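Examination of the molecular architecture
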Amino acid sequence: MARGYIYRRPVKRSHYSNFRRNLVIFFAAVIALGVIAYFILSGLHQPNLGATSSVTNTQVTGNLTTFTNDYFQFQDTGTWVLDKKDSSASRVVYHKFLKNVLENELIVYINQTPIPLYIETPRVLPVHIINDNRLSANSVSNPCVSQYAKGELHKVKEVTISGALMLCDPDSTDYFVILSEIGGDYTLNMKRSSGKPISFVITYKDVGLNPQPDSILSIASTFKTR
């Protein structure tokens, strides 16, 4: 007589149960691999912040703060905040706020000349380059529209104010300033502490209700390569 089912004796796991178990294991493995792949790809696509990788703030006397990154440093009152989202190895962006309201923007282009649209300004701050590694500032100019003759078409053009070349936007009402070397132009060719050449193009914008030159004068007068 053939051996049959014995009451209360465990039955061996069916093929369906084995299939279901293997299916659960398969999907769990797929999900785990997906999570791992996501973190790997996220790491690969992090923005290249290069020049802003080691930003530090150091308090100094006179209510000034030193703002430092890998390539340069400057001093000013208040607090400048690095905009990591808009910064890269060739473009560093700082913002300054008053009670959480944006008032100032500083953009430093490193080893590149941006397209004219980004450096067409109504004002210029003439500077001297001292010992190839720091700046000395004069005063911010009046709006460059004064460089146009009566009846002259107001198109953007190169003008020289106090010996400093700029791209003049004559109809802009913004307090938008570019730094430019006296006897040169807005590409500031300097050297790092290692002696390696480096160039900067620096723009500053004050969008507050009562724009003042104090911050940009402080920044330019203390700007130094690293």
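Residues numbered from 1 in each chain as written. Predicted model: local features only at pLDDT ≥ 70, side-chain atom pairs only at ≥ 80, totals over all residues. Heavy atoms only, no water.

Moving on: the state of the cysteines. All chains considered together, the criterion is met by 1 disulfide. With a sulfur-sulfur separation of 1.9 Å, cysteine 144 is cross-linked through a disulfide to cysteine 168. Taking the sign of the torsion about the S-S bond as the criterion, the disulfide between cysteine 144 and cysteine 168, at about 90 degrees, is right-handed. Of this pair, cysteine 144 sits in the loop between strand E9 (134–137) and strand E10 (157–161) while cysteine 168 sits in strand E11 (residues 164–168), and the two are 24 residues apart along the sequence. According to the relative accessible area criterion, cysteine 144 is buried, its value standing at 0%. (Disulfide = S-S within 2.5 Å. Helix = DSSP H or I, 4+ residues; strand = E, 2+ residues; numbered from the N terminus. Buried < 20%, exposed > 50% of the residue type's maximum accessible area, 1.4 Å probe, protein only.)

Moving on, we get to the environment of cysteine 168. Residue class for cysteine 168 comes out buried when judged on its relative accessible area of 0%. Separated by 20 residues in sequence, cysteine 168 and tyrosine 148 place their C-alpha atoms 9.8 Å apart. Cysteine 168 has contacts with Thr121, Cys144, Val145, Tyr148, Lys155, Val156, Lys157 and Val159, leaving out every residue within four places of it along the chain. (Contact = heavy atoms within 4.5 Å.)

The strand order E7-E11-E10 describes an open sheet built from 3 strands, whose pairing is mixed. Of all the strands in the sheet, just strand E7 (120–121) and E10 have a single pairing partner and so form its edges. Pairing of E10 with E11 involves 5 bridges; the strand directions are antiparallel. What sits directly across from valine 159, in E11, is methionine 166. (Pairing = 2+ DSSP bridges.)

This part covers the pattern of salt bridges. Taken as a whole and assessed by the stated rule, the structure comprises 2 salt bridges. Between aspartate 76 and lysine 96 there is a salt bridge, with the nearest N and O atoms lying 3.0 Å from each other. Taken together, the residues aspartate 76 in strand E3 (residues 72–76) and lysine 96 in strand E5 (residues 91–98) connect sequence positions 20 residues apart. Take aspartate 76 and lysine 96: they sit in the same class, and that class is buried. Between lysine 157 and glutamate 152 there is a salt bridge; the shortest N-O distance is 2.8 Å. (Salt bridge = Lys/Arg side-chain N within 4 Å of Asp/Glu carboxyl O.)

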